[in-house]
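One-letter residues, chain by chain:
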Amino acid sequence: CIYVVDPWDKIVKDPYGNCIRTPYWTAAKNIAECGGVAAVEPAQPVSETITLGADAFFDFDRADLKPAGRAKLDKLAADLRRVKSVTNILIVGHTDSKGTDAYNMRLGQRRADTVARYLTGKGVPGSIISTRSEGESNPVAPNTLPNGKDNPAGRALNRRVVITVMASEKVISQ
């Protein structure tokens, strides 16, 4: 027991109304009746994902941001600076299937790192950002048509960066 109790299991208080603690008392075990804070259910984390595709970001075999991509990242950076409860930002770079697996893993990482550098340059703390590449391993569209021919439109959709933001409240306003 963390408080001294009488024979009827009622907490004993001193003349000033303070509960008398035992050596087993800790702040974490404190109860509301004895001045502790009532347990508050922690807020459920909010996970939001934004996908930024080739139309705004990356040309074939490139890791350079296009102007439309910079504009979208400027908006995201403003949202990230506004909300103080952001705990983690994961940036994952993706590629189409042209090139070797090893090359595409490096290209996806360069794309993720480019976005991370841009966000930190806009005041987002680098300590909460992590990056990785999935290369060509997680396509959202077919890189080739059913007849085996190249599918440029599908490949363009696969050149993207996916940003996942973890916070205790909604962050992304776009």
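Residue indices begin from 1 for each chain and proceed along its sequence in written order. Residue-level local features of this predicted model are given only where pLDDT is at least 70; pairs of side-chain atoms are given and counted only at 80 or more, and the full residue set underlies all totals for whole chains, interfaces and linings. Side-chain metrics rest on all non-hydrogen atoms present in the structure, leaving aside hydrogens and water.

1. A few points about the packing of helix α1 (residues 67-82) against helix α2 (residues 101-121)
Direction vectors running N to C along α1 and α2 enclose 55 degrees, while the axes themselves pass 9 Å from each other. Taken together, the axes of α1 and α2 are oblique relative to one another. Considering how the two elements wind past one another, α1 and α2 form a crossing that is right-handed. Residues Arg 70, Leu 73, Asp 74, Leu 76, Ala 77 and Leu 80 of α1 lie in contact with α2, whose contacting residues are Val 115, Tyr 118 and Leu 119. Note on geometry: axes are C-alpha line fits, over the in-contact stretch for helices, and angles between N-to-C directions span 0 to 180 degrees. For the purposes of this entry, the term helix denotes a DSSP run of H or I that reaches at least four residues, the term strand denotes a run of E that reaches at least two, and both are numbered from the N terminus. An angle below 35 degrees is read as roughly parallel, one above 145 as roughly antiparallel, one from 65 to 115 as roughly perpendicular, and any other as oblique. Crossing handedness is defined as follows: a turn of the near helix away from the far one that is anticlockwise and smaller than a right angle gives a left-handed crossing, while the clockwise case is right-handed. Should any heavy atoms of two residues lie within 4.5 Å, those residues are considered in contact.

2. A look at the sheet that holds strand β1 (residues 46-52)
Where strands meet in a sheet, backbone hydrogen bonds hold them as pairs that are either parallel or antiparallel. In short, DSSP must find at least two bridges between two strands for them to pair. Here we have four strands laid out as an open sheet, ordered β1-β4-β2-β3, and mixed in their pairing. The strands lining the two open edges of the sheet, one partner per strand, are β1 and β3 (129-135). Shown here is a sheet whose adjacent strand axes are inclined to one another by a mean of 20 degrees, direction ignored. Sheet topology note: the β1/strand β4 (residues 161-167) ladder contains seven bridges and is antiparallel.

3. A look at the nonpolar core
Here the nonpolar core consists of buried residues drawn from Ala, Val, Leu, Ile, Met, Phe, Trp, Tyr and Cys, with membership extended through side-chain atoms lying within 4.5 Å. Think of it in three bands: with a 1.4 Å probe and only protein chains considered, a residue is buried below 20% of the maximum accessible area for its type, exposed above 50%, and partly exposed in between. By size, the foremost hydrophobic cluster in this structure holds 26 residues, and its most contacted members are Ile 91, Leu 119 and Ile 163. Elements represented by at least two residues in this core include exactly β1, α1, β2 (88-94), α2 and β4. In terms of residues, this core owes the most to one element, α2, which gives five residues. Ile 2, Ile 11, Cys 19 and Cys 34 belong to the second-largest nonpolar core, a separate cluster that totals six residues.

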